[in-house]
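Structural description and commentary
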Amino acid sequence: MTTTGFLHPGAMGATIAAACAGETLWSSEGRSAATRRRAEQAGLVDVVSLSGLVSRCDTIVSVCPPADALSVAESVAALGFAETYVDANAVSPMTTDRIAERFEHFVDGGIVGPPAQQRGTTRMYLSGDDAPAVATRWDGSVLDVRPIDGGVGAASAVKMLYASWGKHNAALMLAINAVAESFGVAETLRSEWAISRPDFVAESEAAADRTSVKAWRFEGEMLEIAATFAAAGQPAAFHEAAARVFGRLSGFKDADTPPDLATVVAALLDIT
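Definitions and cut-offs
- Residues numbered from 1 in each chain as written.
- Predicted model: local features only at pLDDT ≥ 70, side-chain atom pairs only at ≥ 80, totals over all residues.
- Heavy atoms only, no water.
- Helix = DSSP H or I, 4+ residues; strand = E, 2+ residues; numbered from the N terminus.
- Polar contact = N/O pair within 3.5 Å; in protein donor to acceptor, adjacent residues only side chain to side chain.
- Contact = heavy atoms within 4.5 Å.
- Pairing = 2+ DSSP bridges.
- Axes fitted to C-alpha atoms, helices over the stretch in contact; angles between N-to-C directions.
- Salt bridge = Lys/Arg side-chain N within 4 Å of Asp/Glu carboxyl O.
- Buried < 20%, exposed > 50% of the residue type's maximum accessible area, 1.4 Å probe, protein only.
- Core = buried A, V, L, I, M, F, W, Y, C linked by side-chain atoms within 4.5 Å.

Time to look at the side chain of Ser127. Of note, Ser127 is situated in strand β7 (residues 123-127). Of note is the side chain of Ser127, whose polar atom sits 3.2 Å from the backbone nitrogen of Ala155. Excluding residues that lie within four positions of it along the chain, Ser127 makes contacts with Val107, Asp108, Ile148, Gly151, Val152, Gly153, Ala154 and Ala155.

Turning our attention to the sheet that holds strand β5 (residues 84-87). Taken together, eight strands build an open sheet; the order of strands is β3-β2-β1-β4-β5-β6-β7-β8 and the sheet is mixed. Both outer strands of the open sheet, β3 (45-46) and β8 (144-147), are each paired with one neighbouring strand and no more. By the bridge criterion, four bridges tie strand β1 (residues 3-7) to strand β2 (residues 23-26) in an arrangement that is parallel. From the neighbouring strand, Phe6 faces β2, where its bridge partner is Trp26. With respect to the sheet, helix α4 (residues 69-77) is in contact with β1, β4 (59-62) and β5, its orientation differing from that of β5 by roughly 170°. The sheet strands contacting helix α5 (residues 93-100) are β5 and β6 (105-112), and the helix crosses β6 at an angle near 150°.

Inspection of every chain in the model, using the stated rule, returns seven salt bridges. A salt bridge links Glu74 to Arg102; the nearest nitrogen and oxygen atoms lie 3.0 Å apart. With Glu74 in helix α4 and Arg102 in the loop between α5 and β6, the pair connects residues that are 28 residues apart, well separated along the chain. For Arg102, a relative accessible area of 31% puts it in the partly exposed group. Between Glu221 and Lys167 there is a salt bridge whose closest N-O contact spans 2.9 Å. Placement of the pair is Glu221 in helix α10 (residues 215-231) and Lys167 in helix α7 (residues 154-182), with a sequence separation of 54 residues. Each member of the pair, Glu221 as well as Lys167, is classed as buried.

With that settled, consider the nonpolar core. Phe6, Ile16, Met124, Leu126, Trp138 and Leu143 are the most contacted members of the largest nonpolar core, which totals 26 residues. Mapped onto this core, the elements with two or more residues apiece are α1 (11-18), β6, β7 and α6 (131-135). Per-element tally for this core: the top contributor is α1, with four residues. If near-sequence neighbours (up to four positions away) are discounted, Trp138 is found in contact with Phe6, Ile16, Ala19, Cys20, Val61, Met124, Leu143 and Val145.

No statement about biological role is implied by the geometric values presented.
Written out as structure tokens, the structure reads:
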């Protein structure tokens, strides 16, 4: 019987936990009511404290906002966790290396796709010496777990590069709409799009719907992607700019429903 702990079960992490075989635990200390509901729905057993989690688990999986990944890992390492730590956050290979330094047994993870609620939608790439053994916990589940070569940092690189396209484009599309509104040509631009690029009208609306509520989280992810590009000698400014766009939308965190495009554009233009 394996015992896996999960930090901290958000919309994605809860489904990763629900798909995991064996005993699954979490620590509710300091977590929100929404997180508690997700953990309960995922069948996680609450051990209350982080120290309780550390003492009982042979593996701990971290799925948290990218900006918190290092501090979360440090809190676990400070308690003397000597088993396998899996960081499955959207962070750069360099941040992953800094986290890995704190653990004797470490697996790098990168998740691609939506929350894992049905087969064929979500993949978790794992790299590092212990990746194949950790992957077996999801055998036969809705989550497709794929160990890959390349050592620690490889799975994070896959995640960074995959996310670098879709989320960056969403930020750019929202910024284009804001600039068009600023110059008073929004309707004219949308009319042109309707003729030559009708997909752009739908993409603008989808960008507002899919990213605004999560923008507070994507800001840190864009900075991690920028650092990944810079480490490879490529321009980082693409994703630094996307981070600034998402940063201006952080006020939509915890909104019950995503705002429409007009509301998002208004928020981007309110830069005082």
